Amino acid sequence: MIHQRRRQTTGLFLLVDLVALVGAFFLAWWLRFDLHVIPLRQPVPPFGPYLNLIPLVALTWPVIFYFHGLYRPRRGQSRVDELATLVVAVILGMVILLSFTAFYRPPQEPGSTAIFTYSRAFLGLFFLCSLTLVAAGRFGLRSVLRRLRRSGYNLQRILIVGAGKLGKEMAEKLHAHRELGFEVIGFLDDDPGKTQYEYRGVPVLGTTEDVGQVIEAKAVDQVQITLPLEAYRKSQRVLEQVKNECIDVRLVPDIFQYSTLRAS
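Rules behind the numbers
Residues numbered from 1 in each chain as written. Predicted model: local features only at pLDDT ≥ 70, side-chain atom pairs only at ≥ 80, totals over all residues. Heavy atoms only, no water. Helix = DSSP H or I, 4+ residues; strand = E, 2+ residues; numbered from the N terminus. Contact = heavy atoms within 4.5 Å. Areas by Shrake-Rupley, 256 points an atom, 1.4 Å probe, with all protein chains shown as cover. Axes fitted to C-alpha atoms, helices over the stretch in contact; angles between N-to-C directions. Left-handed = near helix turned anticlockwise from the far one by under 90°. Nonpolar A, V, L, I, M, F, W, Y, C, P; charged D, E, K, R; others polar. Phe/Tyr/Trp six-rings, centres within 6.5 Å; stacked < 30°, edge-to-face > 60°. Buried < 20%, exposed > 50% of the residue type's maximum accessible area, 1.4 Å probe, protein only. Pairing = 2+ DSSP bridges. Right-handed = clockwise from strand over helix to strand, strands pointing away. Expected span 1.5 Å × (residues − 1). Arc of directions from axis to C-beta. Salt bridge = Lys/Arg side-chain N within 4 Å of Asp/Glu carboxyl O.

Caption draft 1: Inspection of the overall build of the chain at higher detail. Helix and strand counts for the chain come out as 9 helices and 6 strands. Of the contacts made within the chain by residues no fewer than 6 positions apart, 73% connect residues no fewer than 24 positions apart. With an accessible surface of roughly 15200 Å², the chain has 60% of that area assigned to carbon and sulfur atoms.

Below, the structure is given as structure tokens:
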């Protein structure tokens with residue numbers, strides 16, 4: 001289920017990127033050759049050779065975005081980090097595009113003796129337009145997804161292993177930020193006194209030995225292990241039980257315990 005949702009979300013971002021890139025291309029043409037934001041010194045070139053650049057951009061740039069992690073799940077990550085990654089990816093895409101246009105010469109029209117070259121001003125405008133439109137499209141889509149998650153759609157179901165202080169802190173933070181799209185469906189804890197325990201309406205569903213059954217019964221998308229440092233053997237057993245499950249597993253460290261040990 002989680003992989004299906006990720007593929008759907010990745011497809012949405014890919015579609016938004018492609019629409020933004022094509023839109024940026026036509027916007028750059030309009031600004032350069034129709035609106036003349038940069039004065040023309042030569043006649044308007046034919047549109048056909050420029051149109052040939054669209055397939056190159058549509059194929060190359062999403063590949064660059066993919067290898068820069070722009071299609072990975074980014075719930076909870078800041079927009080500044082995504083924008084910085086996007087700037088680097090767009091610059092790399094422009095380097096490839098500039099290299100291509102420096103050597104590629106489209107077929108000349110019959111009777112023409114002039115050597116065709118692509119407008120550097122157009123390419124500069126395309127860089128600015130593509131960065132602006134891709135960023136706007138991505139941030140707009142993320143805003144829509146956040147609103148949907150607040151309304152209860154597209155949520156990842158979280159199982160927290162450990163109903164102690166750290167586990168409750170994680171549940172509290174996830175509950176306070178519903179826009180991230182996480183829903184805590186239960187805890188697992190080996191303390192017999194917590195058999196009927198609930199925290200903010202989230203029940204203890206069993207012990208750490210029940211992790212496999214609970215994952216299957218509750219359609220869990222992510223397991224967060226919040227056990228204390230001294231329970232590392234128990235954490236290892238939980239990891240061993242979930243290693244073959246198609247879910248995310250997060251180890252949440254107790255920062256206070258690590259700091260007292262001067263660990264990094």
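Caption draft 2: Just the packing of helix H3 (residues 53–67) against helix H4 (residues 79–103), in detail. Packing of H3 against H4 brings their axes to within 10 Å, and their N-to-C directions diverge by 145°. Crossing hand, H3 versus H4: right-handed. Touching Leu53, Leu56, Val57, Thr60, Trp61, Ile64 and Phe65 of H3 are Leu86, Ala89, Val90, Leu92, Gly93, Met94, Ile96, Leu97, Phe100 and Thr101, all from H4. Of the residues in the contact of H3 with H4, the class split is 14 nonpolar, 3 polar and no charged.

Caption draft 3: Quick peek at the packing of aromatic side chains. Evaluated as defined, the whole model comprises 16 aromatic pairs. Centroid distance Phe25 to Phe122: 5.4 Å. Interplanar angle 80°. Geometry classified as edge-to-face. Here Phe25, found in helix H1 (residues 2–34), pairs with Phe122, found in helix H5 (residues 120–150); they are 97 residues apart in sequence, far enough to count as distant. Each member of the pair Phe25 and Phe122 is classed as buried. Ring centres of Trp29 and Phe47 lie 4.8 Å apart, and the angle between their planes is 75°; this geometry places the pair in the edge-to-face category.

Caption draft 4: Molecular detail of the sheet that holds strand S2 (residues 182–188). The strand order S2-S1-S5-S6 describes an open sheet built from 4 strands, whose pairing is parallel. In the strand order of this sheet, the two ends are held by S2 and strand S6 (248–251), each with one partner. In this sheet, neighbouring strand axes are inclined to one another by 25° on average, regardless of whether the strands run parallel or antiparallel. Strand direction decides the pairing type here: strand S1 (residues 156–161) and strand S5 (residues 222–225), joined by 4 bridges, are parallel. Bridge pairing in S5 links Ile160 to Gln224. Lying over the sheet, helix H6 (residues 165–176) contacts S1, S2 and S5, oriented at roughly 160° with respect to S2.

Caption draft 5: Molecular detail of the pairing of S2. Burial runs high along S2: 6 of the 7 residues are buried. Where S1 lies against S2, 6 bridges are found, and the strand directions are parallel. Within S2, the position partnered with Leu159 by the bridge is Gly186. Once you follow S1 into H6 and on to S2, the crossover reads as right-handed.

Caption draft 6: How the structure looks around H6. The terminal C-alpha atoms of H6, which comprises 12 residues, lie 16 Å apart, in line with the 16 Å expected from a rise of 1.5 Å per residue. Buried within H6 are the following residues: Leu166, Gly167, Met170, Ala171 and Leu174. Along the long axis of H6, the arc covered by the buried residues comes to 140°, so they all point the same way. Exposed residues pointing more than 90 degrees away from the buried face of H6 are listed as Lys165, Lys173 and Ala176. The secondary structure elements touched by the buried residues of H6 are S1, S2, strand S3 (198–199) and S5.

Caption draft 7: Geometry of the pattern of salt bridges. The final tally for this structure, using the stated rule, is 8 salt bridges. A salt bridge links Glu82 to Arg142, with the nearest nitrogen and oxygen atoms 2.8 Å apart. A residue pair is termed long-range when its members are at least 10 positions apart, and Glu82 in helix H4 and Arg142 in helix H5 qualify at 60 residues. Accessibility classification places Glu82 together with Arg142 in one group, the buried group. Taken together, the shared-partner salt bridges connect Asp17, Glu82, Arg138 and Arg142 into one network.

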